[in-house]
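# What the coordinates show
Each chain is listed here by its residues.
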Amino acid sequence: MDDQGGEQAPSDNPVASAEEDPWGAFALFAALSRSRLAELPPRALARVLPWAPLGVVDDLIDAQVLGPEHQPWKFRGDETDFRYLLARLAPEQVTDDQARALNWSQRRERDAFLRGVEPQSAPGELYDLLAKVADGDASVLKDLEGLLPRDLVLRLRRIQDGAATGTWDRDILDDRGLWRLVFALWEPKAAVSPARSAMHALMALRQAYDLICSNDLARRVPDSQAGVVRISGTGLQGGSDQLPGLPSAPRRGPGRRRRRAQQHPRLRPHEK
């Protein structure tokens, strides 16, 4: 009771157990029974975090009532609960030791993938498929789509759609980690202008190389105002300022599996 004789509002300080917090327990019960967790008062949310069953805390996260800003892991006395909630809401803060304690294999595989180390994934799992795609293996794209979040699925489809015309958004053209996949999908029907981008210049160079290998010196890749790659009777001539420094042309099909993290930043799956 307060000084005026009325009922005193409960504090919003965390409480150790439901027995010590009948107000918070009732508020949580009412929200759960009506399947309206969003109606749980913020004051009650803060009070129940130390003692609410972990499954209920999961439901609060799924209902977007509880988020990283609440830092619920700090209220849990159990170390396993602490690690789990930290991994669920703030995975970037999880240490290697905590990931091992959680047996979080996907986190370990992701770190290995980003370091360019051979992933230890079983065949057909996420990072096994990502490594194959990064090496230009287009045969696993459908399987990979089933393991990626929606935004990355759409990105993969944009890459595939662009192969029909040889046209991609600038962010895809600039991401050299995607070039092996692009080259595996792209079969130009005509000569490629090297002036369009560094990737187009590399494809034009590959076309010229293929003509040399086939001894077809009568054909050439057309000139452009910004750069030239042509076949002549004396060999390959290049006039594009985009050509120096390009990486060696990736070959179709799977190759080496190790790549630097910088090579494929836009095919990284999101972690919850």
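So, here's what we can say about the structure. (Residues numbered from 1 in each chain as written. Predicted model: local features only at pLDDT ≥ 70, side-chain atom pairs only at ≥ 80, totals over all residues. Heavy atoms only, no water.)

## Observations concerning the overall build of the chain
Basically, it comes down to this: To qualify as a helix, a DSSP run of H or I must reach at least 4 residues; to qualify as a strand, a run of E must reach at least 2; elements of each kind are numbered from the N terminus. Note on classification: 1.4 Å probe, protein chains only; a residue is buried when its accessible area is under 20% of the maximum for its type, exposed when over 50%, partly exposed between these limits. Pairs of residues are marked as contacts when any of their non-hydrogen atoms sit within 4.5 Å. For every accessible area listed, the method is Shrake-Rupley and the probe measures 1.4 Å; residues are considered covered only by the protein chains on display.
From N to C terminus, the chain includes 12 helices and 2 strands. Sequence-ordered secondary structure for the chain, helices as α and strands as β, is α-α-α-α-α-α-α-α-α-α-α-α-β-β. Of all 272 residues assigned to the chain, the portion counted as buried reaches 42%. Residue pairs in contact within the chain that sit at least 24 positions apart in sequence constitute 49% of those at least 6 positions apart. For the chain, the exposed area adds up to about 15200 Å²; of that, 48% sits on carbon and sulfur atoms.

## Re the nonpolar core
Burial of nonpolar side chains together is a common tendency in soluble globular proteins. This is how it is decided: In plain words, nonpolar cores are sets of buried Ala, Val, Leu, Ile, Met, Phe, Trp, Tyr and Cys residues tied together by side-chain atoms within 4.5 Å.
One finds Leu144, Leu148, Ile159, Trp168, Val182, Trp186 and Met199 to be the most contacted residues of the largest nonpolar core, which totals 31 residues. Among the elements of the structure, α6 (105-114), α7 (126-134), α8 (141-145), α9 (150-162), α10 (170-174), α11 (179-185) and α12 (198-213) are those that each provide at least two residues to this core. Ignoring anything within four residues of it in the chain, the contact list for valine 182 reads Ile159, Trp168 and Met199.

## Thoughts on the side chain of glutamate 145
Mapping glutamate 145 onto the fold places it in helix α8. Given the relative accessible area of 12%, glutamate 145 is considered buried. Once residues lying within four places of it in the same chain are set aside, the contact partners of glutamate 145 are Val153, Leu156, Arg157 and Gln160.

## A closer look at the pattern of salt bridges
In plain terms, the rule: What makes a salt bridge here is a side-chain nitrogen of Lys or Arg within 4 Å of a carboxyl oxygen of Asp or Glu, nothing more.
Summed over the entire model, instances satisfying the criterion amount to 12 salt bridges. The partner of aspartate 58 in a salt bridge is arginine 88, and the shortest N-O contact between them spans 2.5 Å. Of this pair, aspartate 58 sits in helix α3 (residues 54-62) while arginine 88 sits in helix α4 (residues 79-89), and the two are 30 residues apart along the sequence. The residue arginine 155 makes a salt bridge to aspartate 171 at a minimum N-O spacing of 2.9 Å. One end of the pair, arginine 155, is in helix α9; the other, aspartate 171, is in helix α10, and 16 residues separate them in sequence. Residue class for arginine 155 comes out buried when judged on its relative accessible area of 6%.

## Some remarks on the environment of threonine 165
Structurally, the position occupied by threonine 165 is in the loop between α9 and α10. It is 9.3 Å that separates the C-alpha atoms of threonine 165 and glutamate 187, two residues lying 22 residues apart in sequence.

## Examining the packing of aromatic side chains
Using the following cut-off: Pairs were defined over the aromatic rings of Phe, Tyr and Trp, the Trp ring being its six-membered one, requiring ring centres within 6.5 Å. Orientation was assigned from the angle between planes: stacked under 30 degrees, edge-to-face over 60, tilted for the rest.
This model, assessed by the stated rule, comprises 2 aromatic pairs. Consider the rings of tryptophan 168 and tryptophan 186, whose centres lie 5.2 Å apart with planes at 80°: the pair is edge-to-face. Remark: tryptophan 186 occurs in the loop between α11 and α12 and tryptophan 168 occurs in the loop between α9 and α10; sequence separation between them is 18 residues. For tryptophan 168, a relative accessible area of 7% gives the class buried. Ring geometry for phenylalanine 183 against tryptophan 186: centres 6.4 Å apart, planes inclined by 80°, an arrangement best described as edge-to-face. Neither residue differs from the other here; phenylalanine 183 and tryptophan 186 are each classed as buried. An aromatic cluster is present here, built from Trp168, Phe183 and Trp186 joined pairwise through their rings.

## Section: the packing of α3 against α4
The condition is simple: Convention adopted: a line fitted to C-alpha atoms gives each axis, helices being fitted over their contacting stretch, and angles between N-to-C directions are expressed from 0 to 180 degrees. To sort the angles, those under 35 degrees are grouped as roughly parallel, those over 145 as roughly antiparallel, those from 65 to 115 as roughly perpendicular, and the leftovers as oblique. Handedness of a crossing follows from how the near helix is turned relative to the far one, being left-handed for an anticlockwise turn of less than a right angle and right-handed for a clockwise one. Each residue gets one label: Ala, Val, Leu, Ile, Met, Phe, Trp, Tyr, Cys and Pro are nonpolar, Asp, Glu, Lys and Arg are charged, and the others, such as Gly, are polar.
Contact geometry of α3 with α4 gives a least axis separation of 12 Å together with a crossing angle of 15°. The orientation of α3 with respect to α4, classified from their angle, is roughly parallel. The way α3 lies across α4 gives a crossing that is right-handed. Across the interface between the two elements, Leu54, Val57, Asp58, Ile61 and Asp62 of α3 pack against Asp81, Tyr84, Leu85, Arg88 and Leu89 of α4. In terms of residue class, the contact of α3 with α4 is built from 6 nonpolar, no polar and 4 charged.

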